[in-house]
Amino acid sequence: DLGRAMTLNNLGNLAQAQGDFAAARDHYLTCSRIFQTHNHTHGAATTLANAGRLARKLGNLAEATALLQESLALKREMQDSRGAAVALIGLADVAASTADRAAAAAHLAEGLRLAQQVGEVKLMLEGLAVWGALCVRTGADPDAGARLLAFVAAHPAVPQEVRDAVEQAGAALPPAVWRAAENWAAGKTLAPLVTDLLAALEADDPAAGGG
């Protein structure tokens, strides 16, 4: 059965790469159930997170939240900081998609802190992108949001999926705002931006980051 679970995980990855998110989600959920039956906690938690992030893409926000919270609980039980960060940043993205700033800030502060501790550059970039998009979408501070988005868009380590989402969010901004953001981002580096955003989130600054 574990061999079948591994195969289903690979099929989920393939379906996701091909853009068939619904099929990928189903593969991950079946895979996770098999892992849970065999007490394979790491595999179960990882595939739950994958399914949750896919549910977010499909707009199934309640399901996404439930799956990511289940993954987070397992990752915390395992003391897997990276895995917990994945789930937390996923939960922040779900909250941001509904403009729930308080929940997004709480999840993102914890997730970014863990990603920073384990040196996960891609997760830190994703976290900046989530907050930047939220600032733009809600109008809380579109200039600050644009600066974070422009920085992420230009970073060589950003995953293509995140880059695509960032560029889509940036396209909604006036061209002059985006150009100014790109100019600002050109001289910046990741570590200070993450530290500044964490300080702002933890201070509950409504215009956190990108200052």
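Computed from a prediction, not measured in an experiment: that's the story for all the values here. (Residues numbered from 1 in each chain as written. Predicted model: local features only at pLDDT ≥ 70, side-chain atom pairs only at ≥ 80, totals over all residues. Heavy atoms only, no water.)

Participant: What exactly am I supposed to notice about the packing of aromatic side chains here?
Facilitator: By the definition in use, this model includes 0 aromatic pairs. It is lysine 57 that lies over the ring of phenylalanine 21; its NZ or CZ is 4.6 Å from the centre. Geometry around tryptophan 184 places arginine 147 over its ring, the cationic atom sitting 5.7 Å from the centre. (Phe/Tyr/Trp six-rings, centres within 6.5 Å; stacked < 30°, edge-to-face > 60°. Lys NZ or Arg CZ within 6 Å of the ring centre and 35° of its normal.)

Participant: Which parts of the structure should I look at to understand helix H8 (residues 142-154)?
Facilitator: Helical geometry: 3.6 residues make up each α-helical turn, so side chains three or four residues apart lie on a common side. For H8, built from 13 residues, the straight-helix expectation of 18 Å at 1.5 Å per residue is met to within 8% by its first-to-last C-alpha distance of 18 Å. Within H8, 10 of the 13 residues are buried, leaving the element largely enclosed by the surrounding structure. Listed in full, the buried residues belonging to H8 are Ala144, Gly145, Ala146, Arg147, Leu148, Leu149, Ala150, Phe151, Val152 and Ala153. Packed against the buried residues of H8 are helix H7 (121-138), helix H9 (160-171), helix H10 (175-185) and helix H11 (190-202). (Helix = DSSP H or I, 4+ residues; strand = E, 2+ residues; numbered from the N terminus. Expected span 1.5 Å × (residues − 1). Buried < 20%, exposed > 50% of the residue type's maximum accessible area, 1.4 Å probe, protein only. Contact = heavy atoms within 4.5 Å.)

Participant: Before we go on, may I ask you to explain the packing of helix H5 (residues 81-97) against helix H6 (residues 101-118) in this structure?
Facilitator: Helix-helix packing: each pair is described by the crossing angle between the helix axes and the interaxial distance. At a minimum axis separation of 8 Å, H5 and H6 run at an interaxial angle of 150°. It follows from the interaxial angle that H5 and H6 lie roughly antiparallel. For the pair H5 and H6, the crossing hand works out as left-handed. In this structure, H5 uses Ser81, Arg82, Ala84, Ala85, Leu88, Ile89, Leu91, Ala92, Ala95 and Ala96 to contact H6, whose residues at the interface are Ala103, Ala104, His107, Leu108, Glu110, Gly111, Leu114, Ala115 and Val118. (Axes fitted to C-alpha atoms, helices over the stretch in contact; angles between N-to-C directions. Parallel < 35°, antiparallel > 145°, perpendicular 65-115°, else oblique. Left-handed = near helix turned anticlockwise from the far one by under 90°.)

Participant: Even after reading the chapter, I still don't get the packing of H8 against H10, so can you show me in this structure?
Facilitator: One can describe the packing of H8 onto H10 by two numbers: an axis separation of 8 Å at closest approach and a directional angle of 60°. Considering their axes alone, H8 and H10 lie oblique with respect to each other. Every pair of crossing elements has a handedness; the one defined by H8 and H10 is right-handed. Where H8 approaches H10, its residues Asp143, Ala146, Arg147, Leu149, Ala150, Phe151 and Ala153 are matched on the opposing element by Val177, Trp178, Ala181, Glu182, Trp184 and Ala185.

Participant: Which parts of the structure should I look at to understand the nonpolar core?
Facilitator: The nonpolar side chains of soluble globular proteins are, as a tendency, buried together. Grouped together as the largest cluster of nonpolar side chains are 56 residues, with contacts concentrated most on Leu112, Leu128, Trp131, Phe151, Val152, Val166 and Leu201. The residues contacting leucine 128, other than those within four sequence positions of it, are Leu148, Phe151, Val152, Leu190, Leu193, Val194 and Leu197. One finds Tyr28, Cys31, Ala44 and Leu67 within the second-largest nonpolar core, a separate group that totals 16 residues. (Core = buried A, V, L, I, M, F, W, Y, C linked by side-chain atoms within 4.5 Å.)

Participant: Any chance you could explain the environment of histidine 42 here in plain terms?
Facilitator: Topologically, histidine 42 is positioned in helix H3 (residues 41-57). Linking histidine 42 and aspartate 80, residues 38 residues apart in sequence, is a C-alpha distance of 8.9 Å. Residues in contact with histidine 42, not counting those within four places in the same chain, are Lys75, Met78 and Asp80.

Participant: How should I be thinking about the pattern of salt bridges in this particular structure?
Facilitator: Where charged atoms from two side chains of opposite charge approach closely, those side chains can pair. Under the defined criterion, the tally for this structure stands at 9 salt bridges. With a closest N to O distance of 2.6 Å, arginine 76 and glutamate 110 form a salt bridge. Of this pair, arginine 76 sits in helix H4 (residues 61-77) while glutamate 110 sits in helix H6, and the two are 34 residues apart along the sequence. By relative accessible area, arginine 76 is classed as partly exposed at 44%. Through salt bridges with shared partners, a single ionic network connects Arg25, Asp26 and Glu63. (Salt bridge = Lys/Arg side-chain N within 4 Å of Asp/Glu carboxyl O.)

Without other data, these values stay purely geometric and don't point to any function.
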